[in-house]
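Close look at the chain arrangement
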Amino acid sequence: NDPDVNVRAEAARILNLFVQLGELDEIPENVHRKVEDGLLISVTSEDDARVRRAALESLGFSSRPEVDTLIESSFHREDPAWQASALIAMGRSIDDRWAEDVTRSLVSENDNIRKAAVQAAGELSLKSVRPLLLKMLGEEEDDTVLSAVIWSLSQIGGEDVRTYLENLLDQIEDDEQIAFLEEALDNLAFTDRKSTRLNSSH
């Protein structure tokens, strides 16, 4: 309820941590419920769109049934900012039902939508989009989207990803980019180990 819209938006954004903790049963149920209720009121209120979008993004972690409807309706708005926020929420939901919407958004002409879709693909570990993300490695012109592509590939893992990322590492000289790629390669190793353990346990 802070009078400053930026403070309200930041509060809505930070509450994603508590929604996630609630879903993991790491905070009391009444606190979890209160956080979700506050965010649900916010996203459907007359508040500034930035606050409402931040609330929607935070609710992505929630398993409350009404959240899916909010994500769906936000994704189908004409406003690219709402579509991007819906995609962020889709990624946080860890729900494959959004795979088609995320995949379709990877080729959006809007940089923010494309970036949110790339991030969601990584969060959802969508192996089906790996070929498209690998193609984007060589074609994406927006640096922030390209960074998202690299990280998402490290979350999805699988054949060829290490080769592509190592080739990219050989081509760059910027220290920050090198550090980021090395971190992505470490994350890829973690992803592939996790995948191997899961496969061997079945």
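Residues numbered from 1 in each chain as written. Predicted model: local features only at pLDDT ≥ 70, side-chain atom pairs only at ≥ 80, totals over all residues. Heavy atoms only, no water.

Quick look at the overall build of the protein
- Along the protein, the regular secondary structure elements total twelve helices and zero strands.
- Sequence-ordered secondary structure for the protein, helices as α and strands as β, is α-α-α-α-α-α-α-α-α-α-α-α.
- Relative to a compact globule of 202 residues, whose C-alpha radius of gyration would be 17 Å, the protein shows 18 Å and is just as compact.
- A principal-axis box enclosing the C-alpha atoms of the protein has dimensions of 50 × 40 × 30 Å. (Helix = DSSP H or I, 4+ residues; strand = E, 2+ residues; numbered from the N terminus. Rg over C-alpha atoms; globule rule 2.2 N^0.38 Å.)

Details of helix α6 (residues 80–93)
- Here α6 is 14 residues long and its end C-alpha atoms lie 20 Å apart, about the 20 Å a rise of 1.5 Å per residue gives.
- Residues of α6 that are buried sit in contact with α4 (49–59), α5 (65–75), α7 (99–105) and α8 (111–123).
- Where α6 begins, the side chain of Asp79 points an oxygen toward the backbone nitrogen of Ala81, at a separation of 2.9 Å.
- Ile94 occupies a position one or two residues after α6 and carries a positive phi of about 50 degrees. (Expected span 1.5 Å × (residues − 1). Contact = heavy atoms within 4.5 Å. Polar contact = N/O pair within 3.5 Å; in protein donor to acceptor, adjacent residues only side chain to side chain.)

A closer look at the layout of surface pockets
- Estimated volume of the largest pocket: approximately 350 Å³.
- Asn1, Leu15, Gly38, Leu39 and Ser42 are, among the 17 residues lining the largest pocket, the residues nearest its centre.
- Going through the elements one at a time, α1 (5–14) and α3 (29–43) are the ones with two or more residues in the lining of the largest pocket.
- No other element matches the seven residues that α3 contributes to the lining of the largest pocket. (1 Å grid on protein atoms, 1.4 Å probe; cavity = no way out; pocket = protein on both sides within 12 Å on 5 of 7 lines; lining within 4 Å. Points joined across faces, edges and corners; volume = space filled by probe spheres on them.)

A short note on a positive patch on the surface
- Taken together, the side chains of Lys127, Arg193, Lys194 and Arg197 define a basic patch exposed on the protein surface.
- Topologically, Lys194 is positioned in helix α12 (residues 175–201). (Patch = residues over 30% accessible without salt bridge, like charges linked within 9 Å, V, L, I, M, F, W, Y side chains within 5 Å. Areas by Shrake-Rupley, 256 points an atom, 1.4 Å probe, with all protein chains shown as cover. Salt bridge = Lys/Arg side-chain N within 4 Å of Asp/Glu carboxyl O. Lys, Arg positive; Asp, Glu negative; His and termini not counted. Charge placed at Lys NZ, Arg CZ, Asp CG, Glu CD.)

Re unusual backbone geometry
- Positive phi outside glycine occurs at Asp25, with the angle close to 60 degrees.
- Looking at the secondary structure, you find Asp25 in the loop between α2 (16–23) and α3.
- The exposure class of Asp25 is exposed, given its relative accessible area of 67%. (Buried < 20%, exposed > 50% of the residue type's maximum accessible area, 1.4 Å probe, protein only.)

Thoughts on the environment of Ile88
- In this structure, Ile88 sits in helix α6.
- Judged by relative accessible area, Ile88 falls into the partly exposed class, the value being 23%.
- In sequence terms Ile88 and Ile156 are 68 residues apart; their C-alpha atoms lie 17 Å from each other.

Concerning the pattern of salt bridges
- Enumeration over the complete set of coordinates arrives at 14 salt bridges.
- For the salt bridge of Arg50 with Asp48, the shortest nitrogen-to-oxygen distance reads 3.1 Å.
- For Asp48, a relative accessible area of 29% puts it in the partly exposed group.
- Two residues, Lys135 and Glu139, come together in a salt bridge whose shortest N-O distance is 3.4 Å. Placement of the pair is Lys135 and Glu139 together in helix α9 (residues 130–139), with a separation of four residues, close to one helical turn.
- Of the residues examined, Lys135 reaches a relative accessible area of 48% and is grouped as partly exposed.

So, α2
- Buried residues of α2: Asn16, Val19 and Gly22, and no others. Down the axis of α2, the sector holding all buried residues measures 125 degrees, keeping them to one side.
- The secondary structure elements touched by the buried residues of α2 are α1, α3, α4 and α6. (Arc of directions from axis to C-beta.)

Things to note about the nonpolar core
- By size, the foremost hydrophobic cluster in this structure holds 53 residues, and its most contacted members are Val102, Leu133 and Leu137.
- Broken down by element, this core gets its largest block of residues, seven residues, from helix α10 (residues 143–156). (Core = buried A, V, L, I, M, F, W, Y, C linked by side-chain atoms within 4.5 Å.)

Structural notes on a nonpolar patch on the surface
- A cluster of nonpolar side chains, Ile14, Leu17 and Phe18, forms an exposed patch at the surface whose accessible area comes to about 250 Å².
- If you trace the backbone, Phe18 turns up in helix α2.
- Judged by relative accessible area, which is 34%, Phe18 ranks as partly exposed.

Keep in mind that these numbers describe shape and distance, not what the molecule does.
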